[in-house]
Amino acid sequence: MPATRRQFLGLTAAAGLSLVTGCSGRRPSATGPSSAGGLRLTAAPVRVDLAGRAVPTWGYGTVPGPEIRLRAGETLRVRLHNELPEDTTVHWHGLAPPNGMDGVPGITQDPVTPGTGFTYEFRTPIAGSFMYHAHVGMQLDRGLYGPLVVEPRREELSYDREYTLMLDDWRDGLDDHAGHGARDDAGHGTAAADPDPVDAVSFGGRSYPLLLVNGRPPEDPPVLEARPGDRVRLRVMNIAADTGFRFAVAGHRLTVTHADGMPVEPVVVDALRLGMGERYDVLVDAGQPGGVWQVGVQSEGRGGWGRALLRYAGSQASGAPAVAERPAELDGRLVSYEELVAQEPLSLPAGEPDRRYDLTLSGTQIGGQSYPDADPLVVTEGQWVRFTMRNTSAKWHPMHLHGHHFQVLTASGRGPVKDTVAVPARGGEVTFDFLATNPGRWLFHCHNHHHMEDGMLRLVEYEPRP
Ligand SMILES: [Cu+2]
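For clarity, every value in this text was computed on a predicted model and none was experimentally measured.

Novice: What is the right way to look at the overall build of the chain in this model?
Specialist: When its secondary structure is counted, the chain shows 2 helices and 31 strands. Going through the 466 residues of the chain one by one, you find that 59% of them count as buried. Summing over all exposed atoms, the chain offers an accessible surface of approximately 17100 Å²; the carbon and sulfur share of this is 51%.

Below, the structure is given as structure tokens:
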């Protein structure tokens, strides 16, 4: 089994980058030089094939864009070329690059104007499952995203094959009546007028006609191949703009090994909940004798369904579950932050944090302020900083901090190290700590992109050392 895995790694290393694996082969393969030698990403209008219906969108050649894969300690070098009719940038979600490489227009770099380019180049010392996406307006809501995997120098996990699954809510090219991202922010448009039931978990309120897994609708799902006895690693990523997901594999349990790319003590669950921007790595033991099994993706709090298939080698596609067949595991034991224990906790000093911010999340405000009419959250290099967020609104908010990894405060004292954390609605509270070791001006924002566009964003600014 390790040999198989090494073969797999050898193949991807030789290719330098690999397209999201596990599709049935109709996707074009990624071409071009290895990421270490310099990868080119061209942001341009493209068409995406939604079960036979080609719809226009914007992307990096394919949707998702090519999987960028490199090893910890290597240098990411990506030349972005902009063939869109408007400005763009690329943000490396979950990585902690130097400030100037973070891809936030007007804050960390000048926007990349149409017809021009920009080269992103920085070392990637930390392994994990990350994402890249455009960070201008609502561009992320189109197809301008892709997976980014940094492999450790030495893999501690043992598994036979791996797949990356990017979960997305989709309406681009399907909207007949409205411009992109402009609709219905006050809840006037389709399907957004009803308030959520009090007990519903909801991360957003807009209407999305489709959920896609690796750019594919449920009628044309990606297929993950496995042999009986295989141990399969899944890197599950929520790249949606407005949708939290529940994720499960029928007939199989999930061993969570990483949260937002950072290792945790393994925990066995039935289902994952992923806010926008969150990722989990799980191991799935292919312990069934065969068959085709539903990999189910359900919107939290509203209708919406996506899927992939786990197919054992030699099993007939005719035995595949119906499109809407719902794994019972979706209602099983859910992963929670409280039970996750970091394998590599932050090196926080003894004592108390140097600086604290208590931030109420209300509506789409953070601490009573909406960007750009908002004060920076000032930190000093070297400080231990604590953010406590209390969410008084009816939506869950997945809060994302650029440029740093933070540690979620849990009863164990060794909560998971993450970069995005979902704060439950109606009084939910989450506290995290981080070390201010990456000077610059960094975004702290809700990863519901509609909320962010409405101002749910604050800047974390390093002040000069006294
Ligand atoms: Cu939000």
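Novice: Help me understand the coordination of the copper ion in this model?
Specialist: Six octahedral donors around a metal ideally sit at 90 or 180 degrees from one another, while four tetrahedral donors ideally sit at 109.5 degrees. Protein coordination at the copper ion: the donors are H397 (ND1), C446 (SG) and H451 (ND1), at 2.0 to 2.1 Å from the metal. Look at where the donors of the copper ion fall in the sequence and you get H-x48-C-x4-H. One end of the pair, H397, is in strand β25 (residues 397-401); the other, C446, is in strand β30 (residues 441-446), with 49 residues separating them in the sequence. There is no split in this pair, since H397 and C446 are both buried.

Novice: What is the right way to look at the sheet that holds strand β15 (residues 254-259) in this model?
Specialist: For sheets, the rule is that strands pair by backbone hydrogen bonds, running either parallel or antiparallel. Taking strand neighbours across the sheet as the criterion, the 6 strands line up as β11-β10-β13-β18-β15-β16 in an open arrangement whose pairing is mixed. Among the strands making up the open sheet, the edge pair consists of β11 (210-213) and β16 (262-269). Here the average twist between neighbouring strands, direction ignored, is 25 degrees. Note: β15 against strand β18 (residues 279-285), 4 bridges, orientation antiparallel. Its bridge partner lying in β18, H258 is registered against D281.

Novice: Looking at this structure, I do not really get the environment of P209. What am I missing?
Specialist: With respect to the helices and strands, P209 occurs in the loop between β10 (161-170) and β11. In the structure, P209 is positioned 39 residues away from W170 in sequence and 6.5 Å away in space, judged by C-alpha atoms. The residues touching P209, leaving out its near neighbours within four places in the chain, are W170, R171 and L174.

Novice: Could you clarify how one ought to interpret the environment of E300 in this entry?
Specialist: One can find E300 in the loop between β19 (292-299) and β20 (305-312). Between the C-alpha atoms of E300 and T243, which are 57 residues apart in sequence, the distance is 7.0 Å. With residues up to four places along the chain from it excluded, the contact list for E300 reads V201, S202, F203, G244, F245, R246 and R273. Here R273 takes part through its side chain, which lies 2.9 Å from a polar atom of the side chain of E300.

Novice: What exactly am I supposed to notice about the packing of aromatic side chains here?
Specialist: We describe a pair of aromatic rings using the distance from one ring centre to the other and the angle between the two ring planes. Inspection of the entire model under this criterion finds 13 aromatic pairs. On the basis of an interplanar angle of 75 degrees and a centroid distance of 5.4 Å, the ring pair of W92 and Y120 is categorised as edge-to-face. Here Y120 lies in strand β7 (residues 117-123) and W92 lies in strand β6 (residues 90-93), a separation of 28 residues in the sequence. Considered together, W92 and Y120 belong to a single accessibility category, that of buried residues. Ring centres of F432 and F434 lie 6.3 Å apart, and the angle between their planes is 50 degrees; this geometry places the pair in the tilted category. A relative accessible area of 0% means that F432 is categorised as buried. The exposure class assigned to F434 is buried, which follows from its relative accessible area of 0%.

Novice: Mind showing me how you'd approach the side chain of R69 here?
Specialist: Positionally, R69 belongs in strand β4 (residues 67-71). Side-chain polar atoms of R69 contact the side chain of E162, separated by 2.7 Å.

Novice: Just to check I follow, could you spell out the sheet that holds strand β26 (residues 406-408) for this structure?
Specialist: Taken together, 6 strands build an open sheet; the order of strands is β22-β21-β24-β29-β26-β27 and the sheet is mixed. Of all strands in the sheet, those with a lone pairing partner are β22 (365-366) and β27 (417-418), marking the two edges. Judged from the 8 bridges that link them, strand β24 (residues 384-391) and strand β29 (residues 428-435) form a sheet pairing that is antiparallel. Counterpart to W384 in the pairing with β29 is L435.

Definitions and limits used
Residues numbered from 1 in each chain as written. Predicted model: local features only at pLDDT ≥ 70, side-chain atom pairs only at ≥ 80, totals over all residues. Heavy atoms only, no water. Helix = DSSP H or I, 4+ residues; strand = E, 2+ residues; numbered from the N terminus. Buried < 20%, exposed > 50% of the residue type's maximum accessible area, 1.4 Å probe, protein only. Areas by Shrake-Rupley, 256 points an atom, 1.4 Å probe, with all protein chains shown as cover. Donors = N, O, S within 2.8 Å, 3.2 Å for Na, K, Ca; no water. Pairing = 2+ DSSP bridges. Axes fitted to C-alpha atoms, helices over the stretch in contact; angles between N-to-C directions. Contact = heavy atoms within 4.5 Å. Polar contact = N/O pair within 3.5 Å; in protein donor to acceptor, adjacent residues only side chain to side chain. Phe/Tyr/Trp six-rings, centres within 6.5 Å; stacked < 30°, edge-to-face > 60°.

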